[in-house]
2 protein chains.
Amino acid sequence: MNDIIRQLMNHRSIRKFTDEKLTADEVKVLIEAAQMAATSSYLQAYSIIGVTDGEKKKALREISGQAYVEENGHLFVFVADFYRHQLMSERLGEKIDDYLGATESFLVGTVDASLAAQNMAVAAESMGFGICYIGSLRNDMQQVIEILELPEHVYPLYGMVVGHPADKGSQKERLPFEHIYHENGYDSSDYQEEIAAYDAAIMAYYRERTDGKRADKWSEQVIGMLSQKTRLDVDDVVKKQGFLKQ
Amino acid sequence: MNDIIRQLMNHRSIRKFTDEKLTADEVKVLIEAAQMAATSSYLQAYSIIGVTDGEKKKALREISGQAYVEENGHLFVFVADFYRHQLMSERLGEKIDDYLGATESFLVGTVDASLAAQNMAVAAESMGFGICYIGSLRNDMQQVIEILELPEHVYPLYGMVVGHPADKGSQKERLPFEHIYHENGYDSSDYQEEIAAYDAAIMAYYRERTDGKRADKWSEQVIGMLSQKTRLDVDDVVKKQGFLKQ
C-alpha cells in the first residue's frame, strides 16, 4: 500500500478545528488541485465559493445546524454552474436551451463539481488539514442561493469545511466490498444476508463508541432518515434556476 | 508542493493501454479506496460494476464509440444505487417512495458515486495506472442498463477505464483560478474578458499540438457541442428507473 492509498483509506470527517485560518496560498493550491479533476467534455461546469464573511458564515450555519460551518479554517461551497456557458451561447448566437433544461446537464454539473470536490478533499488531507462535507446546506437551497448571490443556471450542492483538526474524528466502516462491487452484471442475490451482517458490525461499532448508549443498525438509521419528507423543495429550486425542465 | 498534490496536478486522461489486465487484488484496492470517500448521510448510494466479459465490453464500446472502452486493463461502470435502500425499506415496512422520487435522491446518488469515482482515479494513478472517464456511455443509457442488468432505483453515470498506460496523454489547461473561485458571492463581472483570454490560450495549445491544423476556441468548442440535441433521452431513462418523479 502506497502513501496515497494509505491516506485515502485513513479518511474521516473532521468536525472540530482550531482557530487558525487557511492562507490565501493554501486556498489557491486547493482550488487548483480541485480543477485538475476530470471534467465532462471539457465543460468545467462548476464554481467554488469561499465564504469568509462573518455574517454569511453565520447564516449558512443556521441553515446547516452545524457549528463547524461557522468555526473552521475555511468554508467552500461547491456549485454546479452553467452560467458561463449561457453567456458564451448568447455571445455566439447559438441556442443551448434544450441542453440546459435537460436532465443530462443537471447530471453533468453535479458530477463535475463532485469530482473537483473530492480532489480538493484529497489535497487538503495531504496538507494535514481535516475536512467535512456539508450536505445540510440543502436544508434550504433557496436561501443559500440568495446568500451567495448565485445567478440562474447555477445551484449549490454542498459545502466543504477545511481546517487544522482539533479532534481525531472517527472512521465509519463501509459496506463490504462484495456488496458494492459487481462483476459483469448487477447481482443482489446476497443483499439481505450482507446487510444483516453489516448491520451487526455497525451496531457493535456504535455500542463500543458510546459505552452501550447507542446501538443503531445501519439499515434502521438510514431508512428512518429516508422515510422523512425532507428536502422535497430541492426540486422547485433547481427548476427555478433553469434545470430539469423536461 | 507535496507528492499527492503533485500527482493531482499531473492528471491527464489516458486513452491507450497495454494488454496487461489488472489483478483481482488491484481491483479490490481500487474499490476499497473508492469506498472510503465521504458519503451523504452514510447512505453509500452507489455500486461499481466491473466488466470483463468480452461481449459486454464490445457492446459498451459500441455505445461509447471509443476503442479504449474495450481495450484496457479494467473497465468499471459507476452507478447511482438506491436498490438496496428500497429492499431495506420493504423489510422494515417503512415507505421511502417520496424520497426515491425526489430530486434530492437523484442528486445524492450522483454525488456519492462521483466522490467514490474520483477517489478511485486518484488511487489508480498513485499505483502507476492511467485512467479515463467514459461519459459517452450515456449515449445510450437504456442499453447500458440492459447490458449490466441494473434493477429499478439504479442508473449508470459513466465508466472508468484503468490500465497500464501505452501513451502519455496530454494535459488540458483549466479555466483560470479567478474564474472558478469566488469569494463570499458569485461575481461574473470579468467573465467575458476571462473567457476571451482563456480562448486564446486554448487556441494556442491546439495549434501547437496539431501543427496548426486545429485552432479551436474553448467557447466555440463547448457551445458547438451543447447546441446539439444529444442525450435528451437521459430524462426518460432516469424516470423509468424510478427517479425525478416530482
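Residues numbered from 1 in each chain as written. Chains lettered and ligands numbered in written order. Predicted model: local features only at pLDDT ≥ 70, side-chain atom pairs only at ≥ 80, totals over all residues. Heavy atoms only, no water.

Per an unreviewed UniProt entry, chain A goes by the name NADPH-dependent oxidoreductase and belongs to Macrococcus carouselicus. Recorded in UniProt under Function (unreviewed entry), the annotation for chain A is "Reduces FMN, organic nitro compounds and disulfide DTNB. Involved in maintenance of the cellular redox state and the disulfide stress response." (UniProt positions renumbered as here; feature names shortened; annotations may be inferred.)

1. Observations concerning the overall build of chain A
Along the backbone of chain A there are 11 helices and five strands. Against the compact-globule benchmark of 18 Å for 246 residues, chain A has a radius of gyration of 20 Å, which places it among compact chains. The buried share among the 246 residues of chain A stands at 58%. Contacts in chain A between residues far apart in sequence, at least 24 positions, make up 80% of those at least 6 positions apart. Taken as a whole, chain A presents about 9600 Å² of accessible surface, with 46% of it coming from carbon and sulfur. (Helix = DSSP H or I, 4+ residues; strand = E, 2+ residues; numbered from the N terminus. Rg over C-alpha atoms; globule rule 2.2 N^0.38 Å. Buried < 20%, exposed > 50% of the residue type's maximum accessible area, 1.4 Å probe, protein only. Contact = heavy atoms within 4.5 Å. Areas by Shrake-Rupley, 256 points an atom, 1.4 Å probe, with all protein chains shown as cover.)

2. A look at the relation of the copies chain B and chain A
Between chain B and chain A, which share one sequence, the superposing operator has a rotation angle of 180° and an axial displacement of 0.0 Å; the RMSD is 0.0 Å. Interpreted geometrically, this transformation is the action of a two-fold axis. Take the interface residues of chain B: 100% of them recur as interface residues in chain A, which is what a same-surface contact looks like. (Least-squares fit on C-alpha atoms with pLDDT ≥ 70 in both.)

3. Things to note about the pairing of strand β1 (residues 46–51) of chain A
In terms of residue burial, β1 of chain A counts as a mostly covered element, since six of its six residues are buried. Here β1 of chain A shows two buried faces, one formed by Y46, I48 and G50 of chain A and the other by S47, I49 and V51 of chain A. Pairing of β1 of chain A with strand β2 (residues 74–81) of chain A, which is carried by six bridges, proceeds in the antiparallel orientation. Within β2 of chain A, the position partnered with I49 of chain A by the bridge is V77 of chain A. As defined by bridge partners, β1 of chain A adjoins strand β5 (residues 181–183) of chain B across three bridges and the pair is classed as parallel. Bridged to G50 of chain A within β5 of chain B is E183 of chain B. (Pairing = 2+ DSSP bridges.)

4. Quick notes on the UniProt feature "domain: Nitroreductase" (unreviewed entry) in chain A
In the numbering used here, UniProt assigns the feature "domain: Nitroreductase" (unreviewed entry) to residues 9–164 of chain A. Secondary structure over residues 9–164 of chain A splits into 45% helix and 19% strand, and the C-alpha atoms at its two ends are 19 Å apart.

5. Overview of the domain arrangement of chain A
Splitting chain A by domain gives domain 1 (3–168) and domain 2 (177–215). For domain 1 of chain A versus domain 2 of chain A, the distance between C-alpha centres works out to 30 Å. (Domains from an automatic or database assignment.)

6. With respect to the pattern of salt bridges
Summed over all chains, the structure comprises 24 salt bridges over all chains. We note a salt bridge from R214 of chain B to D216 of chain B, for which the minimum N-O separation is 3.1 Å. A network of salt bridges, in which partner residues are shared, links R61, E70 and E71 of chain A. (Salt bridge = Lys/Arg side-chain N within 4 Å of Asp/Glu carboxyl O.)

7. Remarks on the interface of chain B and chain A
Each partner contributes to the interface: chain B provides 115 residues, whereas chain A provides 115 residues. Surface buried jointly by chain B and chain A totals about 10300 Å² across both partners, of which 65% is contributed by carbon and sulfur atoms. Here chain B is connected to chain A by eight salt bridges. Residues R91 of chain B and D199 of chain A are paired through a salt bridge, measuring 3.9 Å at the closest nitrogen-oxygen approach. Our enumeration of links across chain B and chain A arrives at 62 residue pairs in polar contact (both at pLDDT 80 or more). For the side of chain B that touches chain A, the element with the most residues is helix α6 (residues 103–126) of chain B, which contributes 14 residues. Split into classes, the residues belonging to the side of chain B that touches chain A amount to 61 nonpolar, 31 polar and 23 charged. (Buried area = accessible area lost by both parts, 1.4 Å probe. Polar contact = N/O pair within 3.5 Å; in protein donor to acceptor, adjacent residues only side chain to side chain. Nonpolar A, V, L, I, M, F, W, Y, C, P; charged D, E, K, R; others polar.)

8. Quick look at the pairing of β2 of chain A
All names here are of chain A. Burial of β2 is extensive: eight of the eight residues sit out of reach of the surface. Residues of β2 alternate between two faces, with H74, F76, F78 and A80 on one and L75, V77, V79 and D81 on the opposite face, all of them buried. Here eight bridges tie β2 to strand β4 (residues 154–163), and the two strands are oriented antiparallel to one another. Of the residues in β4, the one forming a bridge with A80 is Y155.

9. Side note on the sheet that holds strand β2 (residues 74–81) of chain B
Strand pairing in a sheet is mediated by backbone hydrogen bonds. Such pairs are either parallel or antiparallel. Strands sit in the order β5(A)-β1(B)-β2(B)-β4(B)-β3(B) across an open sheet of five strands; the sheet is mixed. Each edge of the sheet is formed by a strand with only one pairing partner; in this case those strands are β5 (181–183) of chain A together with β3 (130–134) of chain B. Put simply, the sheet's adjacent strands are angled 25° from each other on average, direction ignored. Here β3 of chain B runs beside strand β4 (residues 154–163) of chain B; their pairing, made up of five bridges, is antiparallel. What sits directly across from I131 of chain B, in β4 of chain B, is V162 of chain B. Packed on one face of the sheet, helix α3 (residues 54–64) of chain B meets β1 (46–51), β2 and β3 of chain B and runs near 110° to β1 of chain B. (Axes fitted to C-alpha atoms, helices over the stretch in contact; angles between N-to-C directions.)

10. Examining helix α2 (residues 24–35) of chain B
Owing to its 3.6 residues per turn, the α-helix aligns residues three or four sequence positions apart on the same side. Over its 12 residues, α2 of chain B extends 17 Å from the first C-alpha to the last, a length consistent with the 16 Å expected when each residue adds 1.5 Å. Listed in full, the buried residues belonging to α2 of chain B are V27, L30, I31, A33, A34 and Q35 of chain B. (Expected span 1.5 Å × (residues − 1).)

11. What about the packing of helix α6 (residues 103–126) of chain A against α6 of chain B?
Between α6 of chain A and α6 of chain B, the least distance of the axes is 8 Å, while the angle of their chain directions is 45°. What the angle tells us is that α6 of chain A and α6 of chain B run oblique. In this structure, the crossing between α6 of chain A and α6 of chain B has a hand that is right-handed. Along the contact surface, α6 of chain A presents T103, F106, L107, T110, V111, S114, L115, Q118, N119 and V122 of chain A, while α6 of chain B presents T103, F106, L107, T110, V111, S114, L115, Q118, N119 and V122 of chain B. When its residues are assigned to classes, the contact of α6 of chain A with α6 of chain B shows 10 nonpolar, 10 polar and no charged. (Parallel < 35°, antiparallel > 145°, perpendicular 65-115°, else oblique. Left-handed = near helix turned anticlockwise from the far one by under 90°.)

12. A word on α6 of chain A
In this model α6 of chain A runs 35 Å from its N-terminal to its C-terminal C-alpha over 24 residues, within 8% of the 34 Å that 1.5 Å per residue would give. G128 of chain A, located one to two residues past α6 of chain A, shows a positive phi value of around 90°.

13. Describing the packing of aromatic side chains
Taken as a whole and judged by the stated rule, the model has 29 aromatic pairs over all chains. Judged by centre distance (5.9 Å) and plane angle (70°), the ring pair of Y186 of chain A and Y191 of chain A falls under edge-to-face. Like Y186 of chain A, the residue Y191 of chain A is buried in the burial classification. A cation over a ring is seen here: K172 of chain B above Y42 of chain A, with NZ or CZ 4.4 Å from the ring centre. (Phe/Tyr/Trp six-rings, centres within 6.5 Å; stacked < 30°, edge-to-face > 60°. Lys NZ or Arg CZ within 6 Å of the ring centre and 35° of its normal.)

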